[in-house]
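The primary structure of each chain is shown beneath.
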Amino acid sequence: MNGYETADLGLPIFTAEMRVPRDAALKQFALNADFLRHLLRAHPLDGLDKAQTASIKPASANLIGPDLSQRLTDAAWQMELRDGSLAYLLLECQAEPDPTMPFRALHSVATLGLKLSRDPPRGYSAARVPPVLHLTLYTGRRTWSVAGADEESGEGSEPYWHWLSRVCHLLDLRRLPDPGGEQNLAVLLARLQRCEDPEALRRAAAPLQSWASDAEHAELASAFAAWITHVVLPDLGVVNVRVSDNLTEVLEMLEQEPRTWADRIRAEERAEMQRSMVALLLRLARTRFGGRLAERLEGLIEGITDTDLLEDIGEWIVVYESGEALLARLREA
């Protein structure tokens, strides 16, 4: 772990090493104040947006409850608003829908609220603390509704998100409406998440070129490089890529290799389809002619890559009355 002093609360912010590559990569954005400014500009929250925010400072992500229980949120920020008031924003990064998130969010908000009431910032009191908002950044493929209920959790969790909707928010980066433009980093991150093939990724990443060599945004450039190589490319089925934290190198790679990747993905998809066809044919042969015949058939069709021939073999399994006739026909093919 590593830490640094935070504004107002006087506590270190802790960054835990995460086991989930997607969550760990997204956390690099959640911990960056410049990215948060872009996010609030593109997708304002109720009562908190870029126009209202005068300054953003890190707050403690290490939340200690009254019973000394610990709740570690992914990122925490203190916002000084233009009217001089304060607000706090807690962020969680999610790769899968979580029906318990309303309760986790409530626990985080309540724990920080209690801390603020016991040690109020200047200008506040135990009875009047700054508002605490919670934001879940979701990047998964499965649909997670804005209400917080997914197809498995049913309707039970939905009322809790309605109940908490003024303080708990969810942004699904894959399905967010695109506000347009090529200068907002939160918009560009969401576009990367929506890419369905390497060529689309190349086009979506192209606007990042203007940020790649900007020393002021070196951390964000590294975060985008990690996001592309550790998250987006594996999502597209591209494996064994050159991993780099240099965004310029990653963008050059995207310019040079998308067609090669696309061809490789199509070849892998064809190979997987052929393996599935062979497995199905062996199951059919085993059901019709028995296990020993299926074992003999396996030796003959194992290396076949001709999809048309595999389809013919499926017809022969149905048409021929005996396994020996099937094998004889296959040897003639």
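These figures come from a predicted structure and were not determined experimentally.

Rules behind the numbers
- Residues numbered from 1 in each chain as written.
- Predicted model: local features only at pLDDT ≥ 70, side-chain atom pairs only at ≥ 80, totals over all residues.
- Heavy atoms only, no water.
- Helix = DSSP H or I, 4+ residues; strand = E, 2+ residues; numbered from the N terminus.
- Buried < 20%, exposed > 50% of the residue type's maximum accessible area, 1.4 Å probe, protein only.
- Contact = heavy atoms within 4.5 Å.
- Areas by Shrake-Rupley, 256 points an atom, 1.4 Å probe, with all protein chains shown as cover.
- Phe/Tyr/Trp six-rings, centres within 6.5 Å; stacked < 30°, edge-to-face > 60°.
- Salt bridge = Lys/Arg side-chain N within 4 Å of Asp/Glu carboxyl O.
- Polar contact = N/O pair within 3.5 Å; in protein donor to acceptor, adjacent residues only side chain to side chain.
- Pairing = 2+ DSSP bridges.
- Axes fitted to C-alpha atoms, helices over the stretch in contact; angles between N-to-C directions.
- Parallel < 35°, antiparallel > 145°, perpendicular 65-115°, else oblique.
- Left-handed = near helix turned anticlockwise from the far one by under 90°.
- Nonpolar A, V, L, I, M, F, W, Y, C, P; charged D, E, K, R; others polar.
- Core = buried A, V, L, I, M, F, W, Y, C linked by side-chain atoms within 4.5 Å.

Draft legend 1. A look at the overall build of the chain. Along the chain, the regular secondary structure elements total 13 helices and seven strands. Taken over 333 residues, the chain has a buried fraction of 48%. Taking the intrachain contacts of the chain between residues at least 6 apart in sequence as the baseline, contacts between residues at least 24 apart amount to 62%. Summed over its atoms, the accessible surface of the chain is roughly 16,900 Å², and 51% of this surface lies on carbon and sulfur atoms.

Draft legend 2. A look at the packing of aromatic side chains. With the rule as written, the count across this model stands at four aromatic pairs. Between Phe29 and Phe224 the ring centres are 4.9 Å apart and the planes differ by 75°, which places this aromatic pair in the edge-to-face class. Placement of the pair is Phe29 in helix H1 (residues 21-30) and Phe224 in helix H8 (residues 218-235), with a sequence separation of 195 residues. The exposure classification of Phe29 matches that of Phe224, with both residues buried. Pairing Tyr138 with Trp144 gives two aromatic rings, centres 5.0 Å apart and planes at 80°, and the pair type is edge-to-face.

Draft legend 3. Layout of the pattern of salt bridges. Inspection of every chain in the model, using the stated rule, returns 14 salt bridges. Among the salt bridges present, the one from Glu92 reaches Arg104, with a minimum N-O distance of 3.4 Å. Linking Glu92 in strand S5 (residues 86-94) with Arg104 in helix H3 (residues 101-118), this pair joins segments that are 12 residues apart in sequence. Residue class for Arg104 comes out partly exposed when judged on its relative accessible area of 22%. Where Arg194 meets Asp178, a salt bridge forms, and the shortest distance between an N and an O atom there is 3.1 Å. Linking Arg194 in helix H5 (residues 185-194) with Asp178 in the loop between strand S7 (168-172) and H5, this pair joins segments that are 16 residues apart in sequence.

Draft legend 4. Seen up close, H5. Counting buried residues in H5 gives nine out of 10 residues, a clear majority hidden from the surface. Where H5 is concerned, the buried positions are Leu185, Ala186, Val187, Leu188, Leu189, Ala190, Arg191, Leu192 and Gln193. A side-chain oxygen of the first residue of H5 lies 2.9 Å from the backbone nitrogen of Ala186; this N-cap is Asn184.

Draft legend 5. Representation of the sheet that holds S5 in the model. If you trace the five strands from one edge of the open sheet to the other, you get S1-S4-S5-S6-S7, paired in mixed fashion. Strands with a single pairing partner mark the edges of an open sheet, and in this sheet they are strand S1 (53-58) and S7. Direction aside, neighbouring strands of the sheet carry axes that sit 25° apart on average. Pairing of S1 with strand S4 (residues 75-81) involves five bridges; the strand directions are antiparallel. Looking across to S4, one finds that Thr53 is bridged to Leu81.

Draft legend 6. Spatial organisation of the packing of helix H12 (residues 307-319) against helix H13 (residues 323-332). At a closest axis distance of 9 Å, the pairing of H12 and H13 adopts a crossing angle of 155°. In this view, H12 runs roughly antiparallel relative to H13, as classed from their interaxial angle. Two packed elements cross with a definite hand, and for H12 against H13 that hand is right-handed. Residues Ile313, Trp316 and Ile317 of H12 form the contact with H13, whose participating residues are Leu326, Arg329 and Leu330. Of the residues that constitute the contact of H12 with H13, the class distribution is five nonpolar, no polar and one charged.

Draft legend 7. Quick look at the nonpolar core. Judged by nonpolar contacts, the single largest core of 58 residues is most densely connected at Met79, Leu192, Leu208 and Ile228. For this core, the leading source of residues is H8, giving 10 residues. With 18 residues, the next largest nonpolar core counts Leu282, Ala294, Leu310 and Leu327 among its residues.

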